Amino acid sequence: MSDQQQLFKVTIDNITIEVPAGTTILNAARKIGGDVAPPAMCYYSKLEGSGGKCRTCLVEVSKGSEKDPRPMPKLVASCRTTVMDGMEVKNITSEKVLDARAGVVEFLLLNHPLDCPICDQAGECHLQDLSYEHGKEGTRYEFQRRTFKKHDIGPYIQLHMTRCILCYRCVFTADQLTKKREHGVLDRGDHAEIATFIEKSLENDFIGNVIDVCPVGALTDKTFRFKNRVWFLKPVDAHRDCPTCSGRVTLWNRGDEVFRVTARKDEWGEVEDTPDGKPGWICNTCRFEKKKTSDWVIEGPRLINRHSVISQGHYAGKVGTQMPTETFEAVNDGRKPKLLMDIHSVSEVNKPEVQLSLIDGPAHSKVFNQNND
Amino acid sequence: MSKKLLLEKAHVEGIRYFDVYRREGGYRSVEKALKEMSPEAIVEEVKKSGLRGRGGAGFPAGMKWSFIAKPEGVPRHLVCNADESEPGTFKDRYLMEFIPHLLIEGLIVSSFALGSNDTYIYIRGEYAWIVDILEQAITEAKNNGFLGKNILGSGFDCNIHVQRGAGAYICGEETALIESLEGKRGNPRIKPPFPAVKGVWDRPTVVNNVETLAAVVPIINMGGDEYAKIGVGRSTGTKLISACGNINKPGVYEIDMTISVEEFIYSDEYCGGIPNGKKLKACIPGGSSVPILPANLLLKTAKGETRYMNYESLADGGFASGSMMGSGGFIVLDEDQCVVRHTLSLARFYRHESCGQCSPCREGTGWMEKILKNIEYGNGKMSDIDLLWDIQRKIEGNTICPLGDAAAWPVAAAIRHFRDEFEWHVLNPEESQKRNYGLAHYADPIHVPVG
Ligand SMILES: Cc1cc2nc3c(=O)[nH]c(=O)nc-3n(C[C@H](O)[C@H](O)[C@H](O)COP(=O)(O)O)c2cc1C
Ligand code: SF4
């Protein structure tokens, strides 16, 4: 690469920055950060060829470039459009974009089962976040949703196609991280499905990464299935000397128990780079088989965005954030909530007497099991 | 009597075979092009001719050719799009079936102009018998020195390969076609890069429709300027129209683009009017993807001028009161046809053919079909009509490839022009199962407000 890389000036939502030529609008917006960065469900910077499909990152280009100031006639996928010098882009400042995005969210949710209460992805699901931020309340869809049978692909991974939004990230992952091409999309349109060709299992040292790239709960870790909710777990960075991969992972713990192992993810939900600049994909052994704290060298707690659901169970009342003062009764003129059932009476995980937010240190399974023995 | 350039000889006995085709003056353009012209000169002639792509979008062919990148040492390819799967369009099939050598001849000249030594015909899988016809024509051309190595001693090598598709409409979209040709799943690519820069195997590629490439033959024979004199304005040359629906004489017609829509439907030379003395209700003038028009707007523009069978006139009024030339599939509906049912059947088609890559098209096409089904079968609600409008609006322009638009436009146009028929279906759920709404005012010479 040449030393003096050309810099292009681009203005997104009235904020101007300079980025190297060849940068996409999305990546330029991510440099600015915050609300300016369009949401992306299918784009994954570490996967070549990804993006362009989900259409959530559509933006309006109100000025093409300094040389050719004409606006682009249609909204463009910011993840696949490179910036030009002097380009002006509208994301959240464009009515058109917000309208189209709300449409896309509605389309994505059309056939999505909304089984979040039993979905392992809940709490770290990009579709949940997207719906909260850009969706509308309620649905106008009055028909039966499409469903598929669940498939086990290999001993560790379950494919729940009903939840899939066909982002193709796993297809690119399987294609690019592994040697054989055995995983793809069959059929087309709204009946298209991700499949391993004729139910062949995916057996490969790195295939577990498809779980990490899946933006929804379509590909889940069978060793973690229904074990816990992610927001009850504490993410801890750890590493081990692994002959296959970098061995740099995040452990999701409860006390000393390792519930699951994932790659380390950055603020966009993508796998973080290792110090040598390569994506930190992890191998199946690290992910599925090293489930003891003694397997790992603990580095310390992983920093999680304070607004993330995952932070919610841990820090309120402890690290300066305030416990809510209003109670349900206070808000509802003294009426008590009418519950169909008390979730605590059936849940194995939650105990009413345990106030997660008031426990010192990580919540530990012993705390929950105390009363049972 | 209108001028014929492509199908003039299509019914000469034995024209399918090389000897007869050659005797009738075939392959003259190859001799002229390879012996007397440079590739640049051919591109120049095609530019002068004003020939517009016949595959649907109407993009000027000469201009497309001049965009092809020419990096040193990288082969270039010409691909002939014979995937013709749009409901109502069957003109390419006619041409390939009856006069296959015309296409081969056009391909040789075009390959020479573009520097393509390996040229591909991507043909829809269902046209199985035409594959044999084409293969035979290619073999004959090769045996007679018009294909293969050093054609006519010019030093130019060219081979034509026929590749069958597996039955997907989306593989007619040029980048999906390229993926499919490469042996992959036929998902449209995200543009840019355009095929002219990175096409088949990342090499510069031009994709053209069968009819476009066949039209290169008369252009070279008569000269671009002469060709441009036929037709009007930017609609030069002749156009194949496949007419179907409620007409007396369905079939493929070659027209010069100066005749009016009325003449095309009612004259005996073309469609021969509507059977059983029925009245014209509506028409889709350019294949299933283009907006449907009610009779009054079809025959006359919103300004009250006569509408002609050419690119500009059919598009007059934009989508508010016009339509498009599209791929030349002319579908006529008489007073006994139900627009709701018709729209439903198109929606079903697009739902089935969406490749499923992008969310608006994948989910939206299915949703529209379900709502239309409800309305058609007497379970519709008034709000469904507005909902349909909103769905199509959110698909259009927000997808990777134009199939999303193609799915949105027919629904939009049907609601725009036939909203009362949809409302009648909703308000009369039982009656609508037994009879059709009929002609209503669609043929009345009233001025339809734009909007
Ligand atoms: C969904 C879809 C289907 C298409 N199908 C065809 C087709 O069957 N035949 C064709 O010639 N062009 C088809 N096209 C248009 C092609 O993408 C392309 O524009 C055309 O082949 C270019 O040729 P032309 O410039 O000669 O018209 C289709 C486009 C779309 C979006
Ligand atoms: S618009 Fe439809 S057919 Fe075209 S790429 Fe998107 S999903 Fe596929």
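A. Molecular detail of the overall build of chain A. The secondary structure content of chain A amounts to 10 helices and 14 strands. Split into buried and exposed, the 373 residues of chain A put 52% on the buried side. Long-range contacts, defined here as pairs at least 24 residues apart, represent 62% of the contacts in chain A between residues at least 6 apart.

B. Representation of the overall build of chain B in the model. Check the secondary structure of chain B and you find 20 helices and 11 strands. Relative to the 2.2 N^0.38 estimate, which gives 22 Å for 451 residues, the radius of gyration of chain B is 22 Å and therefore close to what a compact globule would have. Dimensions of chain B, computed from C-alpha atoms along their principal axes, come out at roughly 75 × 45 × 35 Å. Put simply, 70% of the contacts in chain B that link residues at least 6 apart link residues at least 24 apart.

C. Local environment of the interface of chain B and chain A. Taken together, the contact between chain B and chain A spans 35 residues of the former and 35 residues of the latter. Regarding the contact of chain B and chain A, the summed buried area is about 3000 Å², with carbon and sulfur atoms giving 49% of it. Considering only the side of chain B, the residues that lose the most area to chain A are Arg 362, Glu 363 and Trp 367 of chain B, jointly responsible for 22% of the buried surface there. Our count for the contact surface shared by chain B and chain A stands at eight salt bridges. Among the ionic pairs, Lys 381 of chain B bridges to Glu 142 of chain A, the shortest N-O distance being 2.7 Å. Where chain B meets chain A, there are 20 residue pairs in polar contact (both at pLDDT 80 or more). Broken down by secondary-structure element, the contributors of at least two residues to the side of chain B that touches chain A are α16 (339-353), α17 (359-376) and α18 (382-395) of chain B. Counting residues per element, the side of chain B that touches chain A draws most heavily on α17 of chain B, which supplies 10 residues. When the residues that make up the side of chain B that touches chain A are grouped by side-chain class, the tally is 11 nonpolar, 13 polar and 11 charged.

D. Representation of the site of ligand 2. Taken together, 13 residues form the shell around ligand 2, and within it Cys 355, Gln 357, Cys 358, Cys 361 and Cys 401 of chain B come nearest. The residue makeup of the shell around ligand 2, split by class, is eight nonpolar, five polar and no charged.

E. Inspection of the sheet that holds strand β11 (residues 329-334) of chain B at higher detail. Residue and element names in this part refer to chain B. Reading across from one edge, β8-β7-β11-β9-β10 is the order of the five strands in this open sheet, with mixed pairing throughout. Lying at the two open borders of the sheet, with one neighbouring strand each, are β8 (251-256) and β10 (293-294). Bridging between strand β9 (residues 280-284) and β11 involves four bridges; their strand directions are antiparallel. Within β11, the position partnered with Cys 283 by the bridge is Val 332.

F. Seen up close, the domain arrangement of chain B. Residues and elements named next belong to chain B. In terms of domains, chain B is made up of domain 1 (18-229), domain 2 (239-332) and domain 3 (339-434). Distance between the C-alpha centres of domain 1 and domain 3: 36 Å. Facing the 12 residues of domain 1 at the interface are nine residues of domain 3. Here domain 1 meets domain 3 over a buried area of about 900 Å², counting both sides, of which 68% is carbon and sulfur. For the interface between domain 1 and domain 3, the tally reads zero salt bridges. Where domain 1 touches domain 3, the interface holds three residue pairs in polar contact (both at pLDDT 80 or more).

What counts and how
In this convention, every chain numbers its residues from 1, walking through the sequence in written order. To label them, take the chains in the order written and letter them from A, then take the ligands in the order written and number them from 1. Under the rules for a predicted model, residues below a pLDDT of 70 receive no local features and side-chain atom pairs below 80 are neither given nor counted, while totals for whole chains, interfaces and linings still include all residues. The basis for every side-chain value is the complete set of non-hydrogen atoms in the structure, without hydrogens or water. Runs of E in the DSSP output that reach at least two residues are strands. Runs of H or I that reach at least four are helices, and both are numbered from the N terminus. Only protein chains enter the calculation, and the probe is 1.4 Å; a residue is then buried if its accessible area is under 20% of its type maximum, exposed if over 50%, and partly exposed in between. In what follows, residue pairs with any heavy atoms lying within 4.5 Å of each other are defined as contacts. This radius of gyration counts C-alpha atoms alone. The globule rule is 2.2 Å times how many residues there are, raised to the power 0.38. Buried area: the accessible surface (1.4 Å probe) lost by two parts on joining, summed over both. Salt bridge criterion: a side-chain nitrogen from Lys or Arg within 4 Å of a carboxyl oxygen from Asp or Glu. Polar contact criterion, stated in full: a pair of N or O atoms within 3.5 Å, where within protein one must be able to donate a hydrogen and the other to accept it, and residues adjacent in sequence count only if both atoms are side-chain atoms. Three categories are distinguished: nonpolar for Ala, Val, Leu, Ile, Met, Phe, Trp, Tyr, Cys and Pro, charged for Asp, Glu, Lys and Arg, and polar for the others, with Gly belonging to the last. Working definition: residue near molecule or strand if any one of its non-hydrogen atoms lies within 4 Å of it. Only strands that DSSP links by at least two bridges are regarded as paired with each other. An automatic or database domain assignment supplies the start and end points of every domain.

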